[in-house]
Structures are given as C-alpha cells and as structure tokens.
Amino acid sequence: NMGLTGTKLGCAEGGCGACTVMLSRYQTHTKQLLHYASNACLAPLCSLHLVAVTTVEGIGSVARKLHPVQERIAKAHGSQCGFCTPGIVMSMYALLRNNPTPMMADMEEAFQGNLCRCTGYRPILEGYKTFTGGCCGGRGQKNGCCMSNVNGAQNGSEEQINVTTSLFNPAEFAPFDPTQEVIFPPELMTLSKDRKPHSLCFHGERMTWLQPDSLDEFLNLKWKHPDARVVVGNTEVGVEVKFKNMVYPVILAPTFIPELSAVTHAEDGIVFGAACTLSHMAVVLRQAVESLPPHKTEVFLAVLEQLRWFAGVQIRNVAAVGGNIMTASPISDLNPVFMAAGCKLTLVDKDGSREIQMDDGFFTGYRRTALQPQQILLSIHIPYSKKVEFVSAYKQSPRREDDISIVTAAMSVTFTPGTDVVENLRLSFGGMAPTTVLAKKTANRLIGRPWGEELLEEACNSMAEEMSLDPSVPGGMVTYRRTLTLSLFYKFYLTVLQKLRLQVTSDCLSATEVYHPETPSSVQIYQAVAKGQNQDDVVGRPIMHLSAMKQATGEAVYCDDVPLYENELYLSLITSSKAHARILSIDTSGAERCPGVVCFLFADDIPGSNTAGSLKFDETVLADGEVTCVGHIIGAVVAKTQLQAQRAAKAVRIEYEERQPVITIQEAIATQSFYQPIRTIQKGDLELGFKHADHILEGEMHIGGQEHFYLETNVTLAVPRGEDGEMELFVSTQAPTHTQSLVAMALGVPANRVVVRVKRMGGGFGGKESRTTLLSTVVAVAANKLKRPVRCMLDRDEDMLITGGRHPFYGKYKVGFLNSGRVVALDVTYYGNAGNSMDLSQIVERALFHMENSYRVPNIRGRGFLCRTNLPSNTAFRGFGGPQGMMVAENWMTDVAQSLGKSPEEVRRLNLYMKGDSTPFNQVLDQITLDRCWDECMSRSGYQQRRIAIDLYNRQNRWTKRGIAVVPTKFGISFTALFLNQAGALVHIYTDGSVLLTHGGTEMGQGLHTKMVQVASRVLGIPSSKIHISETSTNTVPNTSATAASASSDLNGAALKNACEILLKRLEPFKAKNPNGTWEDWVKAAYFDRVSLSANGFYKTPDIGYDFETNSGRAFSYFSYGVACSEVEIDCLTGSHKNLSTTIVMDVGNSLNPAIDIGQVEGAFMQGLGLFTLEELHYSPQGVLLTRGPGSYKIPAFGDIPTQLTVSLLRDAPNDKAIFASKAVGEPPLFLASSVFYAIKDAISAARAESGITGPFRLDSPASAERIRNACSDRFTKLCPLAEAGTFIPWSVQV
Ligand SMILES: Cc1cc2nc3c(=O)[nH]c(=O)nc-3n(C[C@H](O)[C@H](O)[C@H](O)COP(=O)(O)OP(=O)(O)OC[C@H]3O[C@@H](n4cnc5c(N)ncnc54)[C@H](O)[C@@H]3O)c2cc1C
Ligand code: FES
Ligand code: FES
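Values in this document were obtained by computation on a predicted structure and should not be read as measured data.

1. Overview of the overall build of the chain
Here is step 1 of the chain: In terms of helices and strands, the chain carries 38 helices and 46 strands.
Here is step 2 of the chain: Projected onto its principal axes, the C-alpha coordinates of the chain cover approximately 95 × 75 × 75 Å.
Here is step 3 of the chain: Residues counted as buried form 64% of the 1295 residues belonging to the chain.
Here is step 4 of the chain: Summarising the internal contacts of the chain: among those between residues at least 6 apart in sequence, 77% fall at separations of at least 24.

This is the structure we're talking about:
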C-alpha cells in the first residue's frame, strides 16, 4: 500500500537475498540497539513487534540523496539489471551500521546470502572496498585514490600511454559519515523500554500466532496445543508452509522468554537457550575461543567452522540453534558436531524438565526426535573439550557459500593420557541416513588402538561397510557420499596426527588445511578514448548504466512494480504433474470452494487460437487433452489475491492416463525421437583425413543444462482497454513483438489491438526470449475473459519448472591427428535435449557452427540431432548452443594432447585459426584477432611461470592438485535465422531540445539503453543528458526481433544512427543559417518552419545468409574473439575446487562503453563458470525437476570469483561491421569459463597420475565436486564401487 517496491522477491525461500532488509530492535538486557540484515521473505509480520524495518527506500533516493552504499554500487558499475541490487545494498548497509570500517573479510561474509546473476560480483566488491580500511576513499596521492593504483596498469610505458585501468573514480564518491544514519524510531524505543509484561496474540485466516510473556505460560500453551510449532527464525517453518503446503494452525513464538535466549557459562561448558540465534552463538563462541585455553575450545572451534558455512548472514541472524536441532534434518550442519561432542539437551514441559544426551537415540526417524509433543527444547549444553580430546567438523556441499550439505561430519577422539591410544571416538555423519548418525561399529573397533596407519586401514574398511547407502537413495551421489565419509575421516586422521605431533609427510599436509577464502583482487584494462575526443562525446567512455542509481535506491520500476489497478485480479497456473499423459478429468470442485476464486480457464476458454510456439507452432496455450511434460500448463485460476489463486490452483484435481515418457537423450536416441531437420555441416574429405592421420581417437561427453535464474521471474500484467478488443500488456520479455503476435492469436484479434510494453527486466539471458509467452498469453486470455486487469508473477519454483533452460547436450566424436598434434579430421555428432516442443531449438545449428571452436580442421563433418523428450521445452540461453558446441571441441583437443603427452596449450596454439583460413561453413576469416588475444593472454597470465609452479606444487602435494588451461573462443555474430537480422528505431526531438529514443531492443541489465543513448549523443552531437529512453513498446517500433544473439547494439544502434542522421539532415539548414546557435535554437527554428522532428530508422545486416543445403553463403556478419587462462586448485579428497586466477583477453572492437563491456565479460564468465563447474539440474527418471530454487540449484556466489581476475579488452581492434567499430559482447565471453573446467581436468590428471592412471578420461560437465572426487581415483574410491547400472532406479538421471 505504501508503494515500497524496492525490496525484491527473488525466491521466497531465503536463498537469494533480493529481499534483504535491515531489522533493528532495542535489547532491554544489554540496553543496546541491535541492527541486523534479514530476509523479508521469511520474516513473519507478527515477529516484527517492536522491531524497526529499514528497506532500501529508507536510506536514500535519487530525488533526495543517495546513501553512499547506494551511490558506490551504482558508480562502480555493480548494478546491471538491478534486481539483486537493493538486497545487496541492504546487506552492506546493515554491515556498516554495526561496523563502519569493515574489513574485506567482513564484507565477503555479509554477502554470503546474496546472489547476483548479472555482474560477476567483482564490481560490487570493488565499489564497496572503498568502505574498508583498505581504501583511502579518494584521498590518495597519485590518481586521487588508492583504488586507481590497485587497478593500475602493469608496468610498461605503452600501457600507461593509451590504456586505462580504472572504471570509476572513488574521489567522486560522497563521503560516508556513520553519524548521519536514520535513527531508531523514538516511539519504538519508548515502547521497548517501557514494555509491561503482556502476551501477544494475532489471529489470521488459517493460523494463530501466540507470543507469551513467561516460560510458564509458554509451556502451558504448548500443553494445550501440542501440535503447535515453535517459531524463532521461521527459516524452516516458512519454507515448509510456502513450498510443502504445510498448515500450522497455532504458532508459538518464544521472543519474550528470556530463558530461551539466555547464555550461561557453566563449569564444564556453555549453555545456550534454544532460541539463541546462530549469529549470537557464533559471537559467544568466538569470545570463548579467544579467552579460554585452546584445549578447552576444540568443540567450539568445530561449531564455529560449521557456522562459517551455514546459510548466509541473513539466515544466521534470525535462525535459532534450537530450530536446527529440532528440525532434525539429516543434513543439519550442527547436529553432527553436537552429537560427536556429547552435548546435552534440556527438555521441558509444564511438569518439569529433564536432561538428555544428544546421541543417536535422540533422532528417532526422518525429521523426528524423542521430544514429546507437549515438550520443548529449553537449551543445549556445549561442553569444553578435554585436554586429550580433538574435534573436527566438515561440511561438503556443491557450493561452498550458503548451501546445504551433501555430507556433513564431525569427529571427536579422546586419547588415554600420555599415549596415542584411542580411549573414546565418536564419528558422526549427516547425509548418510534419514537421521544424523554415529558410525558406532567403526568407532568401537578402533577404541584401544594406536592412532596410526593400521587404524586408518581398519577405519576405512569398516566405515565403507557401515556407511553404505541404497543406490536409489534420495539425493543420489551414492559413491561420492560414501567416499566422502572415508575421505573426511582421512582428513581427521591426518589432523589428529599433527596435533599429536606425530609424523605427517609434507605432501599430505595440504589435506589438513581448513579453507579460508582469499580476498579477491582484479585488474581491468581497456583502451582510453583518443586524445582530443570531445568531452560531450561519451562513446568509448565507461559511463554508468543509466538506471543504476534508481536500481540502487529501489526506485527503478520493474513489471510487477506497476501499481495495482483498482479491480485487478491475480492468476495462478495449473500445471501437469506427469511427463506424458492423457488428461482423463479435471475436477475443480474443491478449488471452487476456496475463497476469492473468480474463474477457471481451460483450453475451451481461448477465444482465438490455442496454437503457440516459436518458429514452429507446435505448442498449445493450454493443454488440449494431452500433457507432454511435468509443468505443462493445463489451465489457470483467477482469484482476488495471489494467495487465493495459488491455493485454489493447488486444490484442482486432475486424473491422468500415463504414457511412457522419453526423458533422457539416451532414451531419445534409443527410440529415435528426434525433431526435423537433422542438420549436417561437412567440408573436406573425411575418409582421406582419417587415412592420413597418425592417430585416431574416439570420445564422448555430456554437458548438463542450465537454469537461467534471472533474479526477476516471469511476470505479466494484462489490462483490457475496453474497446475494439484492445489489450495492453506489461511484460518482462526480451521479445515484445513475439508476445504481441501470440497474444493477438490467442485473443483472436489483429496484432494492432495488442500493445506490449517493457520498461526493464530483472535479467533475461535468453530465458525471456520465447518462453515468456507461456504466461503472457494465458494472462491475456484471462483479462480478456473477465474484462479486468490480471497479473501473475511466477514463483521461483514454478518458473524453474515450467520455462525450460539451456539444452543439455551429448557429443560423440572421432578425431584424427598427426604426431605433431595437428588435427586433420573430425567427425562429431551432437544431440541436444530439446524437450516437448521445438521452440528455439535451432540452437543445435549454432552448436554446429561452433563445432571446431577456434581451430582449423580441414576435413570435418558435424551432425546435429534435436531430441524430442518429455521435458519442459528448452530454449535460448546466452550462447545459444555455441558453448555446448565448443565444449565438445575442447574435449577432443584435450584428448589429443593427453594421448600425445603434450601440453594442451601447445596443441591448441598449433591448430589455432589464422587470417585467411575458412570455417567448415566456408566463411573466410578476415580481421581475425585470435592470435593476438592468445599471445596477450599467455603473457598477461604469466602462463609459463604458472605452469612451472603448478608442476612443482603437484609434486609436493598428494591430496591437493593444481591445474591450468588456456582456452580460446570464436563466436559468430548474427541471428542464424536471416530475417531476424533487422531493427527499427524511432527518434523524437521535442521543441525544448530534449530527445526521446525508442528502439526495438529491450533492457535487461546489459546496458543496451545506455549504449543507445551514447550512440545517439554522438550522432546528434548533443550531451547524453538531453536524451531519454522510456521503454520498449510494440506501438512505437513494430515488428522487432527479440533482444538476443548479442546483436542488439549492432542492430538497434545502426537503426538509431539512421534515424538520427535523418533528423540531422533536416536540421542542417537551420544550423547553416545560425551557425552560432544552440541545439535548442535549431530545433525550435525547424519546428516553426514546420519540419518534422520525428524520424524512423531502419537497419538490416548486409551480406549475410547461409544455406545448409549448399554449405555456402555468409553465416555471420563477423566473429568476436577471446582467450582465457585459468588456474585452479582441487581438493582430491572432497572434490571442492578453488578458482585461483583467471586472465581474459577479449576483442570487443572499439568498445562503446568499457564499463558495460567489461561487466558483460565478467558476468558472462561467471555464468559460464556456473554452467561448467557448478549448476546441476536434477530430474527424476519420471521427468520431474527436483531442483526448483536456490536451495537446491546453485549459481555462482560472491565466493566463486577467481581470487585474481584480470580482464583486458584487446587494443586497436576496430570492427568495420558494427556501429562505431564496436563488437557484440553479450554471449561470446561465456565460453571462456570452460578454461576453469579444463584447468580442473588438468588438476585431476595430476591426481590420477598419483594412482598410476594416465591418458584421456571422460569428465562430463559440470565439473561438480562429485565428478571431481570420483575422477580422482584412489584407495578410498576403490572401497566404494558404483552399483551396477540397471540394477536399481536412480534418484536422478542425466537428461
Ligand atoms: C536459505 C536457507 C539456508 C539454510 N542453510 C542451512 C545450512 O547451511 N545448514 C543447516 O543445517 N541448515 C540450514 N538451513 C535450515 C535452517 O535455517 C536451520 O535449521 C535453522 O537453524 C532453523 O532455525 P529457525 O529458528 O529458523 O527454525 P524455525 O523455522 O523457527 O523452527 C524450525 C523447527 O524447529 C522447531 N523448534 C524450534 N525451536 C524449538 C524449541 N525450542 N523446542 C521445540 N521445537 C522447536 C519448530 O517447531 C520447527 O518445527 C537453511 C535454511 C534456509 C532457508
Ligand atoms: S526472496 Fe528472500 S531470499 Fe530470495
Ligand atoms: S544486477 Fe544482480 S541480478 Fe541483475
């Protein structure tokens, strides 16, 4: 109601941080104010009594004054689409409220719970580094600020002459004055100080919130309501209610009960009240560690180690220790430590209390404990460790930061004093059974034994037997999880050996190191604009994204921020739970009884055509009798509110007759389930090529799919205009025209009745190119039927389920090569998992166009198959098949090198394209800069020295290995569908001289509008401040291509230039007449002379058009080139890896805006890093997506940035094919992240060599911790063999 739209909703499960706000409360016991960051999405309103909530709007605004936290993220280019920005701003703000001069480490911790999908994080950290003690804040000597020096060019006069390295000037930042912050509301302070004991009770529609004032009352209420949930942080209960449809009629909140939050220092340990937050617990334990003798704090250190990687700060600030224990999750991170340490719990009910040991008797089953319903957990006693006791805790998760565990473990050993003989041993594991378990058999076997190699051997054999798992176990990763128990024990074994001062060989020491992130550092290098360039000419300058300030203050308007219409309704989708089935019946009777329901929509309600799709119309708006994937849209419910619509949608019952689904690529191959056409590109004589080859190798690779994870999910607001079938739609889409035509088709009206408007998107990445119409057509049909505005913003889990992602690929190849490493023949076949419709699956063509990546292969054949499966249709995603095509190429390139015993870099360089070479599709490569990028990357990265250092490191370390890889990319620029290579623009000059630009492209964070203003500013010769872009709409520029294929600056820039030149021509006579006049004078004169001050521009890319039949014609207007060198370190025992360094050299032509271009390079690189090393979509064998939110699907976080990151834009590389000699940049750098994958593969090779295994091996993408660990074959993996395929039904399948 207050219109505060700054706080964003990205997931509703505490996993993205977009909703971060600062909560403040007055603590009566300490008489101090407590400020802390919290996730608004999980904070129950009732829990905010006496709490002040500060949202991003509360600290500054563009109209008033930006807070330094807002200003610095904007000016440092840390905001692209801006959807994550308010959350990041508030995390930083909350940190500064507690600590005005934080260290970098504090900042990194503060951002553990925030995700950004656009920026690559680096600029955010750079901007905020200015708050740390490490920066002079613009008061430095040389360039005004020390940051400019940190970012400084490497020594070398040439660089200092025309190369710039700072993208912002910290000296321009407003100073930060911590004394000037918003104060805690005095009314709340008075209320908090004078609070009289009284209980609170809030009644809602379905629940009652009781907040009693004393422990007695609390226990009486629990007696009365044994099923009541005790809620402190709501981080478990909130997720259960939202995503597991749990209903808890009574909630008991212990906020007012001092006993539950008390911390008591006892003789033998510390007692924490069950409602103590994890953050508070960490503070107390840290103080204890600092003040107590080290031998007493082994347990505390183990708890702190677990807390370090427990969720993000926002969760730890509110979540309670009791909540973690009582949830009894088998992957709780704290319960294993508490069990291994022998903690005691105090349980209490109205009749009294009792103390119990926290052992495996406490957990009685999956998420069940020994507590009686009327009991609560009062406190936990964490003991001091004994003199001869050693404790360690371990957590292994797919991502280090803010992730749930795969396996979590804690181990405690006590020795007979003065000996190395085990007196007591507790080995506790999470993730190995439905509860946290103790490996009792193993522990018992080891008691009385000396701590040595024999004990290790026995422990491993015994544990491999005791910690077994059913091959179908939920969560999968069976071999990995089993191996981890042994590997982690081995780490513990070595750590204890060290602590006992027994001999640990130096090559094993690194296995005992506890991971501490290093503060990242970065360098950005780009060419300065030519000396003498007019100050008003902003082309080539690193100007800030035009919306960055608004994004940082929360004032930027996204689709769902459009204010509510008075009579607006909300829509919720009804989707299929079966992958392939006939619909037998739909029963809405239960849903009809839900309050607020207005109507249902099914296929029969569509007034126009139910046909939908992209280039091929092979889809329906609403399912017509048959469903072909889980998530297939069957219908919709419209209700008065979002909650009502969603509840009603869940109450609709559907009966199905199931059919055999095809889920995986292998199943599609077996059943020959393919879409047509099957594409082939062939050149040279394959047979002859193989004949002349010295060696022939065959191999294969699977590349997993990827979720777009734009922070803003799909959203549409449809507003009927009331006459002639007119409909106005606000949509978060990259394709307004496509949306317009499909909506018009569904409504049965001509396209001229439908207007689609796009202000900005909170990220797109290809995911909002075609799949947005799934929602917008249904919403439009509902609005049309009801003649009322209808809105829907998908929840994150719905969005992930329904809208598809990057195509998973399977590649098979046969490669022929000479002894030198030169590749002479390649036969490669690609299979892409397209899902249940064609959509934009021409991506397989782009995979073929990139099958040789950057290498000359004279005899080549590539074939591309599109698998028709019963998965939600996969779609465009940054790179559009190119990355998958190139990934397979780098795989065979690595195989070739490995089989010859040569360095992959030597073989890559040898095969690199040179000027004049022609591609398999017969395009001659002119203006090629690959070799320049390669050479610069090799020298900037210090590849040779690194290689030597890595080899030495690997010789000295058995259980951690380092690896390095240099990978090039060549990316074709143009839509592969010829007709899409066109763009339009409309430019108005108003009589006050202000200019309004409209063009066909949409803004999704990539800075397109900013670049377009730069272009118009140069062409018109006026300052950019006179130019504005409001939105993209189908009634201003018609028939637009989607903003995609990296080509939007090229196409729209040229169209705008055309329009601006037309206008300039019209103004020429007035300039000539009044040469000393101003822009405004000329404009006014033209107007009074009745000259039109509005013009259309148009552009089509010349000289392109490729024909598959004849393998001729120009497929691409030009190519973007780049090379990256990455170095990693893997932990062979756990499979974790660290990204140590990456150096990127990218050819972006003459950059239109180096800040935006470097932002694109880094953002794409980080997205590629996710694709190739981290992000895994899990599907059940029945085609159900199991990973539907940030809790289970991990995109890269702040901690994944390479510790050293250098991005250099190639100098003196003008491109004569695009606007102002620039080049496209959105997609090409993504593939460079494969350098990290191949560096990992290099490191794994070193690990395998220790076990005597050499030569090529298969490593599928992503190189997840599981794959890395399993590939590092050793004595531990051998004890945990894989169950034989076909003998069990796996939890998830490789699709
Ligand atoms: C984004 C995210 C990340 C997370 N990351 C991790 C992680 O890394 N590691 C991990 O282990 N967990 C993680 N969790 C799980 C969760 O945060 C923890 O389990 C947390 O400690 C729960 O505390 P809470 O106060 O929020 O619990 P609530 O949701 O308030 O309550 C949880 C349950 O405990 C019961 N309960 C609470 N207190 C008592 C009491 N005194 N007596 C009896 N019953 C009680 C409640 O009835 C309820 O059933 C994560 C959760 C989220 C949303
Ligand atoms: S929306 Fe709250 S954390 Fe994602
Ligand atoms: S700018 Fe961070 S998600 Fe877009």
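2. Quick look at the UniProt feature "binding site: [2Fe-2S] cluster 2" (unreviewed entry) in the chain
Here is step 1 of the chain: Under the feature "binding site: [2Fe-2S] cluster 2" (unreviewed entry), the UniProt entry names Cys81, Cys84, Cys116 and Cys118. A maximum C-alpha distance of 9.3 Å is found for the annotated residues, which run over 38 residues; spatially they form one tight group.
Here is step 2 of the chain: For cysteine 81, the position within the fold is in the loop between α1 (68-75) and α2 (85-98).
Here is step 3 of the chain: With residues up to four places along the chain from it excluded, the contact list for cysteine 81 reads Cys118, Gln551, Tyr558, Met761, Gly762, Gly763, Met1004 and Gly1005.
Here is step 4 of the chain: Among the secondary structure elements, cysteine 118 is positioned in the loop between α3 (104-110) and α4 (122-129).
Here is step 5 of the chain: On the basis of relative accessible area, cysteine 118 is assigned to the buried category, the value being 5%.
Here is step 6 of the chain: Once residues within four sequence positions are removed from consideration, cysteine 118 is found in contact with Gln80, Cys81, Phe765, Gly1159 and Gly1163.

3. Notes on the sheet that holds strand β16 (residues 389-396)
Here is step 1 of the chain: Strands sit in the order β16-β17-β18-β19 across an open sheet of four strands; the sheet is antiparallel. Each edge of the sheet is formed by a strand with only one pairing partner; in this case those strands are β16 and β19 (437-438).
Here is step 2 of the chain: Pairing between β16 and strand β17 (residues 407-415): eight bridges, direction antiparallel. Residue valine 391 lies in a different strand from β17, and its bridge partner there is serine 412.
Here is step 3 of the chain: Those strands touched by helix α12 (residues 298-308) are β16 and β17, and its axis lies near 5 degrees from that of β16.

4. So, unusual backbone geometry
Here is step 1 of the chain: Cis peptide bonds are those with omega within 30 degrees of zero, and the linkage from glutamine 676 to proline 677 qualifies with 0 degrees.
Here is step 2 of the chain: If you trace the backbone, proline 677 turns up in strand β29 (residues 674-683).
Here is step 3 of the chain: Residue proline 1262 follows serine 1261 across a cis peptide bond; omega there is 5 degrees.
Here is step 4 of the chain: The backbone of asparagine 234 sits at a positive phi, close to 65 degrees, despite the residue not being glycine.
Here is step 5 of the chain: When you line up the elements, asparagine 234 lands in the loop between β7 (229-230) and α9 (237-243).
Here is step 6 of the chain: Even without glycine at this site, phenylalanine 709 takes up a positive phi of about 50 degrees.

5. Here we look at the nonpolar core
Here is step 1 of the chain: Ranked by internal contacts, the top residues of the largest apolar core, which has 268 residues, are Tyr128, Phe429, Trp451, Phe489, Leu571 and Trp892.
Here is step 2 of the chain: A per-element tally of this core places helix α18 (residues 478-499) first, with twelve residues.
Here is step 3 of the chain: For tryptophan 451, the residues in contact, after removing those within four places along its chain, are Val413, Phe415, Asp420, Val422, Phe489, Phe492, Tyr493, Val496, Leu497, Leu500 and Leu502.

6. Section: the pairing of strand β33 (residues 754-758)
Here is step 1 of the chain: The buried count for β33 comes to four of five residues, which makes it a mostly enclosed element.
Here is step 2 of the chain: Between the parallel pair strand β32 (residues 727-731) and β33, the chain is carried across by helix α24 (residues 736-747), and the sense of this crossover is right-handed.
Here is step 3 of the chain: For β33 and strand β42 (residues 1032-1033), the ladder comprises two bridges, and the chain directions are antiparallel. Note that in β42 the partner of valine 758 across the bridge is threonine 1032.

7. Examining the UniProt feature "active site" (unreviewed entry) in the chain
Here is step 1 of the chain: In the numbering used here, UniProt assigns the feature "active site" (unreviewed entry) to Glu1227.
Here is step 2 of the chain: Relative to the assigned elements, glutamate 1227 resides in the loop between β46 (1204-1209) and α36 (1234-1250).
Here is step 3 of the chain: Here glutamate 1227 falls in the buried class, since its relative accessible area comes to 8%.
Here is step 4 of the chain: The contact partners of glutamate 1227, leaving out residues within four places of it in the chain, are Arg878, Gly879, Phe880, Phe971, Ala1045 and Ser1046.

8. Here's the deal with the site of ligand 1
Here is step 1 of the chain: Around ligand 1 there are 31 residues in total, and Arg229, Val230, Val232, Thr235 and Asp333 lie nearest to it.
Here is step 2 of the chain: With the chains in place, 92% of the 990 Å² that ligand 1 exposes on its own is no longer accessible.
Here is step 3 of the chain: Of all the secondary structure elements, the ones that give two or more residues to the shell around ligand 1 are β7, α14 (321-327) and β15 (376-383).
Here is step 4 of the chain: A per-element tally of the shell around ligand 1 places α14 first, with five residues.

9. Structural notes on the side chain of asparagine 610
Here is step 1 of the chain: Looking at the secondary structure, you find asparagine 610 in the loop between β23 (597-601) and β24 (611-612).
Here is step 2 of the chain: The class of asparagine 610 is buried, set by a relative accessible area of 16%.
Here is step 3 of the chain: Polar side-chain contacts of asparagine 610 include one of 3.0 Å to the backbone oxygen of leucine 622.
Here is step 4 of the chain: Among residues more than four places away in sequence, those in contact with asparagine 610 are Ala603, Glu619, Thr620, Val621, Leu622 and Asp624.

10. A closer look at the environment of valine 637
Here is step 1 of the chain: Its location among the elements puts valine 637 in strand β27 (residues 633-639).
Here is step 2 of the chain: Spatially, the C-alpha atom of valine 637 lies 9.5 Å from that of glutamate 592, the residues being 45 residues apart in sequence.
Here is step 3 of the chain: The contact partners of valine 637, leaving out residues within four places of it in the chain, are Tyr570, Leu571, Ser572, Ile574, Val597, Cys599, Phe600, Ala645, Ala648, Ala649 and Val652.

11. A short note on the side chain of serine 1141
Here is step 1 of the chain: Mapped onto the secondary structure, serine 1141 falls in strand β45 (residues 1137-1146).
Here is step 2 of the chain: Overall, the relative accessible area of 3% leaves serine 1141 in the buried class.
Here is step 3 of the chain: A distance of 3.2 Å separates the side chain of serine 1141 from the side chain of arginine 946, its partner in a polar contact.
Here is step 4 of the chain: Not counting residues within four places of it along the chain, the set of residues in contact with serine 1141 comprises Arg946, Cys1125, Ser1126, Glu1127, Pro1202 and Gln1204.

12. Some words on the pairing of strand β6 (residues 208-211)
Here is step 1 of the chain: Side-chain alternation along β6 places Thr208 and Leu210 on one buried face and Trp209 and Gln211 on a second face that is also buried.
Here is step 2 of the chain: Two strands pair when backbone bridges link them, and strand β5 (residues 200-203) and β6 are joined in this way by four bridges, in the antiparallel orientation. Its bridge partner lying in β6, leucine 200 is registered against glutamine 211.
Here is step 3 of the chain: Between β5 and β6, which pair antiparallel in sequence order, lie four residues.

13. Side note on the pattern of salt bridges
Here is step 1 of the chain: Applying the stated rule across the entire model yields 59 salt bridges.
Here is step 2 of the chain: Residues glutamate 458 and arginine 449 are paired through a salt bridge, measuring 3.6 Å at the closest nitrogen-oxygen approach.
Here is step 3 of the chain: We classify glutamate 458 as partly exposed; its relative accessible area is 26%.
Here is step 4 of the chain: Exposure remark for arginine 449: the relative accessible area of 23% places this residue in the partly exposed category.
Here is step 5 of the chain: One salt bridge connects aspartate 560 with arginine 791, and the closest N-O pair in it is separated by 3.0 Å. Of this pair, aspartate 560 sits in the loop between α19 (548-553) and β21 (569-575) while arginine 791 is found in strand β34 (residues 790-793), placing the two residues 231 residues apart along the sequence.

14. Structural notes on the sheet that holds strand β30 (residues 695-703)
Here is step 1 of the chain: Pairing is mixed in the open sheet, where five strands are placed in the order β29-β37-β36-β35-β30. In the strand order of this sheet, the two ends are held by β29 and β30, each with one partner. Ignoring which end each strand starts from, the neighbouring axes of this sheet average 10 degrees apart.
Here is step 2 of the chain: With seven bridges connecting them, β29 and strand β37 (residues 859-868) associate as antiparallel partners.

15. Brief notes about the packing of aromatic side chains
Here is step 1 of the chain: One pass over the full model with this rule turns up 39 aromatic pairs.
Here is step 2 of the chain: Between the aromatic rings of tyrosine 831 and phenylalanine 865, the centroid separation amounts to 4.9 Å while the plane-to-plane angle is 20 degrees, which identifies the pairing as stacked. Residue tyrosine 831 is located in strand β36 (residues 823-835), and its partner phenylalanine 865 is located in strand β37; the two are separated by 34 residues in the primary sequence.
Here is step 3 of the chain: The exposure class assigned to phenylalanine 865 is buried, which follows from its relative accessible area of 12%.
Here is step 4 of the chain: Members of the aromatic cluster, each reached through a chain of ring pairs, are Phe390, Phe415, Trp451, Phe489, Tyr490, Phe492, Tyr493, Trp959 and Phe1276.

Definitions and limits used
Residues numbered from 1 in each chain as written. Chains lettered and ligands numbered in written order. Predicted model: local features only at pLDDT ≥ 70, side-chain atom pairs only at ≥ 80, totals over all residues. Heavy atoms only, no water. Helix = DSSP H or I, 4+ residues; strand = E, 2+ residues; numbered from the N terminus. Buried < 20%, exposed > 50% of the residue type's maximum accessible area, 1.4 Å probe, protein only. Contact = heavy atoms within 4.5 Å. UniProt positions renumbered as here; feature names shortened; annotations may be inferred. Pairing = 2+ DSSP bridges. Axes fitted to C-alpha atoms, helices over the stretch in contact; angles between N-to-C directions. Core = buried A, V, L, I, M, F, W, Y, C linked by side-chain atoms within 4.5 Å. Right-handed = clockwise from strand over helix to strand, strands pointing away. Near = heavy atom within 4 Å. Areas by Shrake-Rupley, 256 points an atom, 1.4 Å probe, with all protein chains shown as cover. Polar contact = N/O pair within 3.5 Å; in protein donor to acceptor, adjacent residues only side chain to side chain. Salt bridge = Lys/Arg side-chain N within 4 Å of Asp/Glu carboxyl O. Phe/Tyr/Trp six-rings, centres within 6.5 Å; stacked < 30°, edge-to-face > 60°.

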